[in-house]
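Residue-level structural notes
So you can see what is in the structure, the chains are spelled out below.
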Amino acid sequence: GRDTDTQEFNIKSGNVGIGTATPSAKLHVAGNIIVGDSHFIGDDSFDNLLIQAGGTGNLENLVLSASNDLIFYTGGTTPSALGTERLRIYNSDGRAQFSGNVNLGTAKILNFSGTSFQILHDGSNGLINNSTGDIKIQNSATDKDIIFKVKDGASNVEVMRIDGSSSNVGIG
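As a starting point, this report considers the structure included with it. (Residues numbered from 1 in each chain as written. Predicted model: local features only at pLDDT ≥ 70, side-chain atom pairs only at ≥ 80, totals over all residues. Heavy atoms only, no water.)

Time to look at the sheet that holds strand 15 (residues 155–162). Spatially, the three strands line up as an open sheet ordered 14-15-16, and their pairing is antiparallel. Pairing within the sheet leaves two strands with one partner each, and these edge strands are strand 14 (146–152) and strand 16 (169–171). On average, adjacent strands in this sheet sit at an angle of 30 degrees to one another, irrespective of strand direction. As defined by bridge partners, strand 14 adjoins strand 15 across seven bridges and the pair is classed as antiparallel. Bridged to Ile146 within strand 15 is Ile162. (Pairing = 2+ DSSP bridges. Helix = DSSP H or I, 4+ residues; strand = E, 2+ residues; numbered from the N terminus. Axes fitted to C-alpha atoms, helices over the stretch in contact; angles between N-to-C directions.)

Structure representation (structure tokens):
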């Protein structure tokens with residue numbers, strides 16, 4: 001028989017509650033949600049909102065962290081083993097942190113919003129373009145060089161070096 005002392009579903013003032021007697025939204029679920037066989041929406045042990053897709057051993061995860069950072073993971077093995085963090089968008093300042101390469105698609109232009117600075121590759125040529133101010137190349141590692149190379153036939157050849165320990169410039 002059915003346990004009549006446990007309320008599982010509640011409709012109150014136009015709101016539907018599952019697992020709660022006082023739903024505060026059109027659909028209020030107190031607990032986690034499983035959609036189909038392998039999709040999960042809920043929170044983890046760190047009070048993060050967690051959305052998972054894929055079966056056990058091959059999970060892709062989207063996490064809205066308790067600090068409101070948005071984090072993408074790949075290669076999770078279980079709901080608690082999220083996998084490798086690939087992208088984090090920080091709530092505090094909007095910056096994005098990537099783990100690995102960033103591919104821009106067919107346009108191949110990286111525009112920095114609010115500036116006139118671009119990095120471009122059109123399939124034939126590459127360009128760093130700045131129409132205001134200086135372009136600064138800085139190596140912040142102590143006593144390390146800045147090296148410029150070009151491809152000369154089959155190999156990369158150094159054509160210029162700025163020596164980080166002496167500040168000398170060598171060409172050729």
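Within this structure, the stated rule accounts for five salt bridges. Asp69 serves as the salt-bridge partner of Arg88, at 3.3 Å between the closest nitrogen and oxygen. Taken as a pair, Arg88 in strand 9 (residues 84–89) and Asp69 in the loop between strand 7 (59–64) and strand 8 (70–76) lie far apart in primary sequence, 19 residues in all. For Arg88, a relative accessible area of 17% corresponds to the buried category. Salt-bridge contacts for Arg161 lead to Glu158; the nearest nitrogen and oxygen are separated by 2.6 Å. Residue Arg161 is classed as partly exposed on the basis of its relative accessible area of 28%. In this structure Glu158 comes out as partly exposed when scored by relative accessible area, which is 29%. A single salt-bridge network, built from bridges that share partners, covers Asp69, Glu85 and Arg88. (Salt bridge = Lys/Arg side-chain N within 4 Å of Asp/Glu carboxyl O. Buried < 20%, exposed > 50% of the residue type's maximum accessible area, 1.4 Å probe, protein only.)

What follows is about the environment of Thr84. For Thr84, the location among the structural elements is in strand 9. On the basis of relative accessible area, Thr84 is assigned to the partly exposed category, the value being 38%. Sequence-wise, Thr84 and Ser99 are 15 residues apart; in three dimensions their C-alpha atoms are separated by 8.6 Å. Leaving out residues up to four positions away in the same chain, Thr84 has contacts with Phe72, Tyr73 and Thr74. (Contact = heavy atoms within 4.5 Å.)

The next subject is the sheet that holds strand 1 (residues 9–12). Spatial strand order, 1-2-3: three strands in an open sheet with mixed pairing. Single-partner strands in this sheet number two, and they are strand 1 and strand 3 (27–29). The average undirected angle you get between the axes of adjacent strands in this sheet is 15 degrees. With four bridges connecting them, strand 1 and strand 2 (residues 15–18) associate as antiparallel partners. Looking at the pairing, Lys12 lines up with Asn15 of strand 2.

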